[in-house]
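Structural characterization, general
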Amino acid sequence: MSKKKSKYYVVWAGFHPGIYDNWVECEKQIKGFSGAKYKSFKTLKEASLAFDKGPDHDWRLSFQIQHLPESEKPIINSIAVDAACSGNPGVMEYRGVFTETGTELFRKKFPEGTNNIGEFLAIAHALAWQKQKRLQLVIYSDSLLALSWIKSGAARTKLIPSEKNQTTFEVLKRAEKWLASNPIEVPLLKWNTEKWGQIPADFGRK
């Protein structure tokens, strides 16, 4: 009985791009090759999908949704946002990415805030960023509360203003002012974590 392969290696940029079933052969294709792009996968199915899609794809999302019917998949030509907070309140940051590739579009960090504030600011930032770029893509967030705050035009946070979070509240006020004078022209949708896995903008700290 042949030994089960534990890994498959995809080489996108190398001497001979392709899928290899052992590290020795993979290494031959990338060693000494400037700008080599390669990655290991657990199954041949995953490796084949990765090779076809290219090195800039968000593999977590691809593998999570590949078994779903088209009607149940997220709109991949979209923007996904998320926030993270070290403590609540604590050091807070948020970011936005292209859903399909995971390419980061923006990221901000503050000395103090809450996760809900970060989620709110991330959506507001994505709206303003899109308007500046003249894009109209769906925006996904995994926070129903932040989505409701955005639609009401105000962050209903219970965080008490202080010297430490002064910058956070300044940015909050700017975001609320922007929302008051700019109608929302793109769909704001809830990310279905149960079906699709963690949102592509996730910081991976759960």
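Preceding block: the structure.
So, here's what we can say about the structure.

1. A few points about the sheet that holds strand E3 (residues 37–41)
Strand-to-strand pairing in sheets goes through backbone hydrogen bonds, with the strands running parallel or antiparallel. The strand order E2-E1-E3 describes an open sheet built from three strands, whose pairing is antiparallel. Two strands close off the open sheet at either side, each with one partner strand: strand E2 (18–20) and E3. Each neighbouring strand pair of the sheet contributes to a mean axis angle of 20°, computed without reference to strand direction. Summarising the sheet, strand E1 (residues 8–13) and E3 pair through five bridges and their orientation is antiparallel. Residue Ala13 lies in a different strand from E3, and its bridge partner there is Lys37. Together, E1, E2 and E3 form the strand contacts of helix H1 (residues 23–30), whose direction differs from that of E1 by roughly 10°. Relative to the sheet, helix H2 (residues 44–53) contacts E1, E2 and E3, its axis offset from that of E1 by approximately 5°.

2. Quick notes on unusual backbone geometry
Going from Asn88 to Pro89, the amide bond is cis rather than trans, its omega being 15°. Position of Pro89 relative to the elements: it lies in the loop between strand E4 (78–87) and strand E5 (90–98).

3. Structural notes on the nonpolar core
Membership of the largest hydrophobic core comes to 32 residues, with the highest contact counts inside it found for Phe120 and Leu121. When contributions to this core are tallied by element, the ones reaching two or more residues are E4, E5, strand E6 (104–113), helix H4 (115–133), helix H5 (144–152) and helix H6 (166–181). The biggest single contributor to this core is H4, with nine residues. Filtering out sequence-adjacent residues up to four positions away, Leu121 remains in contact with Met92, Tyr94, Phe110, Val171, Leu172 and Ala175. Ranked by size, the runner-up nonpolar core spans 11 residues in total, among them Leu68, Trp191, Trp196 and Ile199.

Here is what the cut-offs are and how they apply
Residues numbered from 1 in each chain as written. Predicted model: local features only at pLDDT ≥ 70, side-chain atom pairs only at ≥ 80, totals over all residues. Heavy atoms only, no water. Pairing = 2+ DSSP bridges. Helix = DSSP H or I, 4+ residues; strand = E, 2+ residues; numbered from the N terminus. Axes fitted to C-alpha atoms, helices over the stretch in contact; angles between N-to-C directions. Contact = heavy atoms within 4.5 Å. Core = buried A, V, L, I, M, F, W, Y, C linked by side-chain atoms within 4.5 Å. Buried < 20%, exposed > 50% of the residue type's maximum accessible area, 1.4 Å probe, protein only.

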